[in-house]
Amino acid sequence: MTRVVVVGGGGREHALAWGLSAAADVVVTPGNDGIAAHGITCTSAPATELDADLVVVGPEAPLVAGLADELRARGVAVLGPGAAGARLEGSKAYLKEFLAAAGVATAAHGTFDDVDAALAYLATMTPPYVIKTDGLAAGKGVLVTTSHAEAAADVAAKLSGAAFGAAGRRVVIEEGLVGTECSLMLLCDGERAAALVPAQDFKRVGDGDQGANTGGMGAFAPRALDAATRARVDAEIVAPTLVELRRRHIDYRGVLYAGLMLTDQGPKLLEYNVRFGDPETQVLVPLVRDDLLATLAATAAGHVDAVPARDRGAAVTVVLASPGYPEAPQVGGPVSGLGPDGQLADPLEGVVVFHAGTRHDGSGGFVAAGGRVLSVTAHAPTLAEARARAYEAAGRIDLPGMVWRHDIAAGAA
Ligand code: AMP
Ligand code: GLY
């Protein structure tokens, strides 16, 4: 049987491992207790020491650090770009330079490491103001605000190193784009890109998109994307990106996640991530599970075809987070409603509980071990049914004081 190593230890990796385990022997490094409880092997051994036909790298940090290059140098097939490709996510300043060279529509911006110059540029902008750390900040380095005072304070906090350390000592200040967001994950083999169905995630912590940006509080797929917009995305964003990657001699084999803003002037690129989205993966895997191994292996080998289009229904995931998330999560709370396998004690058809951050409590149960704790996912024939089932499942789980949204997919289902 094909042996696959999944790198990472959150809900995204749980979903990938669960999906791949239908057709492969899967090992997750490091994984977490909830993934192991689900019958999936987890190990603390690094990916470079494990025997694998294919390594799927979940998070961006190891890709930016060159893990895929190291594995490929040893002859291992990898889903994930090398360090050169991973810079698209590792540095927002590099991303902006890349997009300008490629001619891809994106927000107007300036890049700064000096406070006075940054504040002078900010003074020329109109709200909403967007301030981003140049470097990686676990999805939390972006402030979007209509308050000039808040934006100015954020610039100062980031550039001083106080807010995000080295990652914030350079900032990108952007034009605020207005529209609706869409996450499009492309499987890119160096030459071609095959898109998975569009998804949508919910980044703000509170209902109605209020409050702080988080790693993601929920997601659904498929998200509607009309054919004309889709054609523009392919022609104006994806195609020129592939050309620019080749021009830079970057053999990009992995997921290219396009974060899109659909504006009145057409689709614009907010960001590229160089990996699967979290929690979007938790809703995409149930829709492609039968083809997941073959599709990922083909991508890593350099010959991706279109992802087979079958009608696989819809999926919704609701994230349950620790109290205080995202600013100051208090971990360690007891999670109730789960059986010893980490799944619903009282099962519901089509529901899988993906574990983002849990550990065993020593007596057969689980406690919260991270900001995001669980990603409760339902797969059903329609979005409305998937949404109802995901919320019914989430209602059967409790973590005292947990933070979660009640409006995931509400407008779409
Ligand atoms: P990023 O990590 O660059 O995708 O930013 C995280 C989130 O901040 C995005 O998903 C958007 O919700 C928001 N955002 C980022 N850039 C902009 C922008 N230029 N205009 C409006 N919202 C933005
Ligand atoms: N869901 C957003 C991300 O994975 O970056």
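Above this text sits the structure in question.
Keep in mind the model is a prediction, meaning the values are calculated, not measured. (Residues numbered from 1 in each chain as written. Chains lettered and ligands numbered in written order. Predicted model: local features only at pLDDT ≥ 70, side-chain atom pairs only at ≥ 80, totals over all residues. Heavy atoms only, no water.)

Trainee: Looking at this structure, I do not really get the pattern of salt bridges. What am I missing?
Mentor: A side chain of one charge can pair with a side chain of the opposite charge when the charged atoms of the two come close. Throughout the structure, instances matching the rule amount to 25 salt bridges. Of the charged contacts, one joins Asp201 and Lys203 as a salt bridge, the two residues approaching to 3.5 Å between their closest N and O atoms. For the salt bridge of Asp209 with Arg405, the shortest nitrogen-to-oxygen distance reads 3.1 Å. On the criterion of sequence distance, the pair formed by Asp209 in the loop between β13 (204-206) and β14 (210-213) and Arg405 in the segment after α12 (383-395) is long-range, its members being 196 residues apart. Among the residues examined, Asp209 registers a relative accessible area of 44% and is labelled partly exposed. Given a relative accessible area of 1%, Arg405 falls into the buried group. Salt bridges here are not isolated pairs; linked through shared partners, they connect Glu97, Glu244, Arg247 and Arg248. (Salt bridge = Lys/Arg side-chain N within 4 Å of Asp/Glu carboxyl O. Helix = DSSP H or I, 4+ residues; strand = E, 2+ residues; numbered from the N terminus. Buried < 20%, exposed > 50% of the residue type's maximum accessible area, 1.4 Å probe, protein only.)

Trainee: Sorry if this is basic, but what is going on with the pairing of strand β23 (residues 372-380) here?
Mentor: Here is the key point about a regular strand: its side chains alternate between the two faces of the sheet. Most of β23 sits inside the fold, with eight of its nine residues counted as buried. Sheet analysis places strand β18 (residues 314-321) next to β23, joined by eight bridges and oriented antiparallel. Pairing of Leu320 across the sheet is with Leu374, part of β23. Bridge analysis of strand β20 (residues 351-355) against β23 gives five bridges, and the strand direction is antiparallel. Bridging from a neighbouring strand, His355 pairs with Leu374 of β23. (Pairing = 2+ DSSP bridges.)

Trainee: What am I meant to see in the sheet that holds strand β10 (residues 180-189) here?
Mentor: Two strands in a sheet stick together by hydrogen bonds in their backbones, pointing the same way (parallel) or opposite ways (antiparallel). With antiparallel pairing, the four strands of this open sheet are ordered in space as β11-β10-β16-β17. A single partner strand is all that each edge strand has here, and the edge strands are β11 (193-195) and β17 (266-273). Put simply, the sheet's adjacent strands are angled 35 degrees from each other on average, direction ignored. In the packing of helix α9 (residues 227-247) onto the sheet, the strands contacted are β10, β11, β16 (253-263) and β17, and the crossing angle to β17 comes to about 45 degrees. (Axes fitted to C-alpha atoms, helices over the stretch in contact; angles between N-to-C directions. Contact = heavy atoms within 4.5 Å.)

Trainee: Please clarify how the site of ligand 2 should be interpreted in this entry.
Mentor: Residues in close proximity to ligand 2 include Asp201, Lys203, Gly215, Tyr257, Asn273, Arg275, Gly277, Asp278, Pro279 and Glu280, which together make up its full environment. With respect to ligand 2, the backbone of Asp278 contributes an N or O atom lying 2.9 Å from an oxygen atom. For ligand 2, the protein covers 90% of the area, taking 200 Å² as the surface of the free molecule. Classifying every residue of the shell around ligand 2 by side-chain character gives two nonpolar, three polar and five charged. (Near = heavy atom within 4 Å. Polar contact = N/O pair within 3.5 Å; in protein donor to acceptor, adjacent residues only side chain to side chain. Areas by Shrake-Rupley, 256 points an atom, 1.4 Å probe, with all protein chains shown as cover. Nonpolar A, V, L, I, M, F, W, Y, C, P; charged D, E, K, R; others polar.)

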